Amino acid sequence: MPFKDKNPLSPKKLLLSKWTAVHPIKKRKHFLVSKLITPELPDAPIEHVEIEAVFDQSVKIIPWRELQDGAIWRQGWL
């Protein structure tokens, strides 16, 4: 079954979602969205999330829309 090029997402439903990096870096392949980064203005939309590597619990902040790119991320742990 081929993967879609775009993962349909809503930033409000990302918390604790699981992701697999298409091209692992330093043995980090499986990630969990550990935090939604709230903007300074209360009415502003969420733009970034914090992802945590399962392998070593390292944390990285990325734009949540990057998770929609099927060339970079796959939803779930594959």
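## Quick word on the side chain of glutamate 50
Working step 1: Structurally, glutamate 50 can be placed in strand 3 (residues 48-53).
Working step 2: Buried and without a salt bridge, glutamate 50 has lysine 35 as its closest oppositely charged side chain, separated by 5.0 Å.
Working step 3: In contact with glutamate 50, not counting residues within four places along its chain, are Leu32, Val33, Ser34, Lys35, Ile37, Val59, Lys60 and Ile61.

## Comments concerning the sheet that holds strand 4 (residues 59-63)
Working step 1: Judged by pairing direction, the sheet is antiparallel, and its five strands sit side by side in the order 4-3-2-1-5 without closing on themselves. Across the chains shown, the open sheet's two edge strands, defined by having one partner strand only, are strand 4 and strand 5 (73-75). With direction set aside, neighbouring strand axes in the sheet form an average angle of 35°.
Working step 2: Inspection of the sheet shows strand 2 (residues 28-37) paired to strand 3 by six bridges, in the antiparallel sense. Bridged to isoleucine 37 within strand 3 is histidine 48.

Calculation notes
- Residues numbered from 1 in each chain as written.
- Predicted model: local features only at pLDDT ≥ 70, side-chain atom pairs only at ≥ 80, totals over all residues.
- Heavy atoms only, no water.
- Helix = DSSP H or I, 4+ residues; strand = E, 2+ residues; numbered from the N terminus.
- Buried < 20%, exposed > 50% of the residue type's maximum accessible area, 1.4 Å probe, protein only.
- Lys, Arg positive; Asp, Glu negative; His and termini not counted.
- Salt bridge = Lys/Arg side-chain N within 4 Å of Asp/Glu carboxyl O.
- Contact = heavy atoms within 4.5 Å.
- Pairing = 2+ DSSP bridges.
- Axes fitted to C-alpha atoms, helices over the stretch in contact; angles between N-to-C directions.

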